[in-house]
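Summary of structural features
Below are the chains, spelled out letter by letter.
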Amino acid sequence: MSTTTEPTPAPAPAPAPPPGRLRLTSYAAAQLLLALPVLVLFVLPVVRSALLVVWVGAVILAIPVPATRWIADRHRQMAARVL
């Protein structure tokens, strides 16, 4: 008779330690620096979307939309590290 052995499950990875004060402070500074571009990138599409009705703002909308996505991705990365 042959015996079969069950494979042992791999141990779960250890959770990452919480970020330190310096890292949290640097995230806060980065959020502060990103606040103005976020505000501008929010206002521009709203104003320019009104121009889109007359086809003037279509090309102009090509810049703030990807820029807003890039900033949002950076914010999500920082939030993922903190949370």
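Above: the structure in question.
Scope of this entry: the structure provided in the associated data block. (Residues numbered from 1 in each chain as written. Predicted model: local features only at pLDDT ≥ 70, side-chain atom pairs only at ≥ 80, totals over all residues. Heavy atoms only, no water.)

**Thoughts on the pattern of salt bridges**
The full count for this structure, using the stated rule, is 1 salt bridge. For the salt bridge of Arg76 with Asp73, the shortest nitrogen-to-oxygen distance reads 2.9 Å. Taken together, the positions of Arg76 and Asp73, both in helix H2 (residues 64-82) and 3 residues apart, correspond to about one turn of that helix. Since its relative accessible area comes to 28%, Asp73 is described here as partly exposed. (Salt bridge = Lys/Arg side-chain N within 4 Å of Asp/Glu carboxyl O. Helix = DSSP H or I, 4+ residues; strand = E, 2+ residues; numbered from the N terminus. Buried < 20%, exposed > 50% of the residue type's maximum accessible area, 1.4 Å probe, protein only.)

**Considering helix H1 (residues 21-52)**
Given a rise of 1.5 Å per residue, 32 residues ought to cover 46 Å, and the 45 Å separating the end C-alpha atoms of H1 matches this to within 8%. Residue Ala35 marks the point of greatest curvature in H1, where the axis turns by about 35 degrees; the proline Pro37 follows within four residues. Those residues of H1 lying buried are Tyr27, Leu34, Leu41 and Pro45. (Expected span 1.5 Å × (residues − 1). Bend = angle between axes of the 7 residues up to and from the residue.)

**So, the nonpolar core**
Judged by nonpolar contacts, Tyr27, Leu34, Leu41, Ile71 and Met78 together constitute the single largest core of 5 residues. Mapped onto this core, the elements with two or more residues apiece are H1 and H2. It is H1 that provides the largest number of residues to this core, a total of 3 residues. Those residues in contact with Met78, other than ones at most four positions away along the chain, are Tyr27, Ala30, Gln31 and Leu34. (Core = buried A, V, L, I, M, F, W, Y, C linked by side-chain atoms within 4.5 Å. Contact = heavy atoms within 4.5 Å.)

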